[in-house]
Amino acid sequence: MSDSRPSVSAARRRTAIDALRRGTVPESGLDLLATGLERFEPALDAELDAVAAGASVFKAVRGEYGSGKTFFTRWLGERARQRNFAVSEIQISETETPLHRLETVYRRLTERLATSSFPPSALRPVADAWFYALEEDALAAGVDEEGLAEEVGRLLTARLAEVSRQAPSFAAALRGYRSALARGDEATAAAVLAWLGGQPHVAAGARRAAGVRGDLDHFGAFGFLQGLLTVLRDSGHRGLFVVLDEVETLQRVRSDARDKALNALRQLIDEVHSGRFPGLYLVITGTPAFYDGPQGVQRLAPLAQRLATDFTTDPRFDNPRAVQLRLPGFTQDSLVRVGMTIRDLYAQGAESPDRVKNRADDAYVADLARAVGGVLGGKAGVAPRLFLKKLVGDVLDRIDQFEDFDPRRHYKLTVGTGELTEVERNVVAAVSADDIDLEV
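Residues numbered from 1 in each chain as written. Predicted model: local features only at pLDDT ≥ 70, side-chain atom pairs only at ≥ 80, totals over all residues. Heavy atoms only, no water.

Caption draft 1: Highlighting the sheet that holds strand β4 (residues 280-286). Taken together, the 5 strands give an open sheet; going across it, the order is β2-β3-β4-β1-β5, and neighbouring strands pair in parallel fashion. In this open sheet, the two edge strands, each paired with only one partner strand, are β2 (85-91) and β5 (324-326). In this sheet, adjacent strand axes meet at a mean angle of 20° when their direction is disregarded. Strand contacts of helix α2 (residues 41-52): β1 (57-62), β2, β3 (239-245), β4 and β5, with the helix running at about 140° to β4, the strand carrying the most contacts. Set on the sheet, helix α11 (residues 220-234) makes contact with β2, β3 and β4; between it and β3 the angle comes to about 140°. (Pairing = 2+ DSSP bridges. Helix = DSSP H or I, 4+ residues; strand = E, 2+ residues; numbered from the N terminus. Axes fitted to C-alpha atoms, helices over the stretch in contact; angles between N-to-C directions. Contact = heavy atoms within 4.5 Å.)

Caption draft 2: Quick look at the side chain of E103. Mapped onto the elements of the fold, E103 is located in helix α4 (residues 102-111). Judged by its relative accessible area of 9%, E103 falls in the buried class. A distance of 3.2 Å separates a polar side-chain atom of E103 from the backbone nitrogen of H218. (Buried < 20%, exposed > 50% of the residue type's maximum accessible area, 1.4 Å probe, protein only. Polar contact = N/O pair within 3.5 Å; in protein donor to acceptor, adjacent residues only side chain to side chain.)

Caption draft 3: View of the packing of helix α5 (residues 123-140) against helix α6 (residues 148-159). Here α5 crosses α6 at 115°, and the two axes come no closer than 9 Å. As judged from the angle between their axes, α5 and α6 are roughly perpendicular. Every pair of crossing elements has a handedness; the one defined by α5 and α6 is right-handed. On α6, the residues touching W130, F131, L134, E135, D137, A138 and L139 of α5 are L148, E151, V152, L155, L156 and R159. Its residues assigned to classes, the contact of α5 with α6 shows 9 nonpolar, no polar and 4 charged. (Parallel < 35°, antiparallel > 145°, perpendicular 65-115°, else oblique. Left-handed = near helix turned anticlockwise from the far one by under 90°. Nonpolar A, V, L, I, M, F, W, Y, C, P; charged D, E, K, R; others polar.)

Caption draft 4: Spotlight on unusual backbone geometry. In this model, P120 is joined to S121 through a cis peptide bond whose omega is -10°. On the secondary structure map, S121 appears in the loop between α4 and α5. Residues other than glycine seldom take positive phi values, yet N84 does so here, at roughly 70°. Residue position: N84 is located in the loop between α3 (69-82) and β2. Even without being a glycine, H201 presents a positive backbone phi close to 60°. Counting through the fold element by element, H201 comes out in the loop between α9 (186-196) and α10 (204-210).

Caption draft 5: Spotlight on the nonpolar core. With 76 residues, the main nonpolar core has F58, L99, F170, L240 and L244 as its most contacted residues. Looking at this core, the element that brings in the most residues is α11, giving 8 residues. Residues in contact with F170, not counting those within four places in the same chain, are Y106, L160, V163, L196, F224, G227, L228 and V231. In this structure, A16, L48, L368 and A383 belong to the second largest nonpolar core, which totals 61 residues. (Core = buried A, V, L, I, M, F, W, Y, C linked by side-chain atoms within 4.5 Å.)

Caption draft 6: Geometry of the side chain of E89. Of note, E89 is situated in strand β2. One polar contact links E89 to R74, side chain to side chain, over a distance of 2.8 Å. A polar contact is formed between the side chain of E89 and the side chain of Q91, at a distance of 3.4 Å. Those residues in contact with E89 that sit more than four places away from it in its chain are T70, R74, R112, V243 and D245.

Caption draft 7: Structural context of the pattern of salt bridges. For the structure shown, the criterion picks out 35 salt bridges. The residue D45 makes a salt bridge to R79 at a minimum N-O spacing of 2.8 Å. One end of the pair, D45, is in helix α2; the other, R79, is in helix α3, with 34 residues separating them in the sequence. Like D45, the residue R79 is buried in the burial classification. A salt bridge links R178 to E135; the nearest nitrogen and oxygen atoms lie 3.2 Å apart. Within this pair, whereas R178 is found in helix α8 (residues 168-183), its partner E135 is found in helix α5, the two being separated by 43 residues in sequence. Classification of R178 by relative accessible area gives partly exposed; the value is 24%. For E135, a relative accessible area of 22% corresponds to the partly exposed category. What you see here is one network of salt bridges that share partners, running through E41, D45, D49, R79 and R83. (Salt bridge = Lys/Arg side-chain N within 4 Å of Asp/Glu carboxyl O.)

Next comes the structure, spelled out in structure tokens:
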């Protein structure tokens, strides 16, 4: 039961533990919690390095509910951020972010855009850093202060020449943003930048000042994404890591909207593979039913062909370089391992680390994992969120704070329906009420 993990900062540890206590996936510090992902690291790191050098990658992640798809993509996103990528995580939703309207996907991308230095939305600091870089390049070329604005405008045109062939309004909006700042017109600058981020209903006066019209549409989103990648690269970022999460929700939308969304996904994949988006690492997540079932990818043969991956072999031999990755999900053993990892991480910052490790020893962690799995019908793959929430908030916190608390004597696992997700509630509904309270 010895803790061989290196010591970590109190802030990183607290961020991870606090999220688990709330029953959510941490936004950062995922490397502290990762177990069983080592086999993916070499291939995925090589892909991230290739994207940093100007390539583009599309990846599809498949896993059942509770298999850790969100954890996996945030873990991979953290590895991207360590390479100075910007990152953005987008929830696909029929009402808020329909995939068949890529302008809404782009809008959410800019709203959720984050860098190692700035939380969402980092669009404005990224744009400001880009103009600063243009100024530095102009000054390094020997331009004096009087000619600086003109030279920056020339560099803007040159850097966005390729983008302007597809989306001339992207460069126009950036010029309008800079001009508004130079005039001290903050309101117009903010409005123009909002328009550049795909926001609808921007004031007509601001659009006129920037020389742009209308709102971003589905086809213009491709050009704007191309422009954003250029701005990110020139402002010092090595790439953009984007996650389209919960794509399986497409199965529940109207058939016409579903077919449009699947075709939009096919278009997006083709554009990534064509090399139009250098510096983009794009990930989608979905359930096996989405990839293999009649209401998902299989409805569109060209999309099914692009995502086809052989999963007939032993999962040990899955190819991490393939377009589609299969997450194996949690077993009872892997659930216990992650529990012990969390217990050891918690102990590093505990007031009474020895008491935490002694009273929540390996045997107790295994018993608690088994009990939570029992509540969820023995489905360990659905149990991680609830198990870790109970472990941290109900057990470890009490051991650390109360000297005489012994979880084997003083704690009885109870699970209220209000603390369950929809998937967890559906599983519990299949289990008899007598199994809800378990001694551990």
